[in-house]
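A structural walkthrough
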Amino acid sequence: MTFLRFFSPLRAIRDLRRYLAGRPAYEIWFLMLAMVLTLVVIWAFVKDSNIAVPYKRNIIYVESWPLDRSDEQIRAQQKIDQAKKHAQQAELEKKRKKRQEEFKRLDDRLEKWGI
């Protein structure tokens, strides 16, 4: 903690004023311009990061099964569920292929331009 013992805000401000007084006027103006532009960019990021997310309910329904159902009923329901799962996976794979083709076309176009 001996480092903080030598720190004085008044001396720091005095040192900064002495340094800035020795600089040409155009450097001071460019310094202020750079500081303003930096603050504007930071302000824009902060303002843009506050996006209000609308509340959306996430309701999960659970099926209620009787305790006395047979193994055949369980297997029949599993076949139905498996068919639904395969249909969803096929649809997802179709969407992935379509998206992959879009990126492939974009890549080909950029390659043609030499990028």
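The following refers to the structure shown. (Residues numbered from 1 in each chain as written. Predicted model: local features only at pLDDT ≥ 70, side-chain atom pairs only at ≥ 80, totals over all residues. Heavy atoms only, no water.)

This next bit is on the overall build of the chain. For the chain, the helix and strand inventory stands at 4 helices and 0 strands. For 115 residues, the compact-globule formula gives about 13 Å, and the C-alpha radius of gyration of the chain, at 33 Å, lies well above that figure. Referenced to the eigenvectors of the C-alpha coordinate spread, the extents of the chain come out at roughly 90 × 50 × 30 Å. The buried share among the 115 residues of the chain stands at 1%. Total accessible area on the chain is roughly 12200 Å²; 62% of this is exposed by carbon and sulfur atoms. A distance of 10 Å separates the average location of the 24 positive side-chain charges in the chain from that of its 15 negative side-chain charges. (Helix = DSSP H or I, 4+ residues; strand = E, 2+ residues; numbered from the N terminus. Rg over C-alpha atoms; globule rule 2.2 N^0.38 Å. Buried < 20%, exposed > 50% of the residue type's maximum accessible area, 1.4 Å probe, protein only. Areas by Shrake-Rupley, 256 points an atom, 1.4 Å probe, with all protein chains shown as cover. Lys, Arg positive; Asp, Glu negative; His and termini not counted. Charge placed at Lys NZ, Arg CZ, Asp CG, Glu CD.)

Bringing the packing of aromatic side chains into the picture now. One pass over the structure, following the stated rule, counts 0 aromatic pairs. Here Arg69 stacks its cationic end above the ring of Trp65, 4.3 Å away from the centre of that ring. (Phe/Tyr/Trp six-rings, centres within 6.5 Å; stacked < 30°, edge-to-face > 60°. Lys NZ or Arg CZ within 6 Å of the ring centre and 35° of its normal.)

Turning to the pattern of salt bridges, a few remarks are in order. For the structure shown, the criterion picks out 6 salt bridges. Residues Arg99 and Glu102 are paired through a salt bridge, measuring 3.5 Å at the closest nitrogen-oxygen approach. Here Arg99 pairs with Glu102, and both are found in helix α4 (residues 71-113), just 3 residues apart, close to one helical turn. (Salt bridge = Lys/Arg side-chain N within 4 Å of Asp/Glu carboxyl O.)

Geometric values such as these leave the question of function open.
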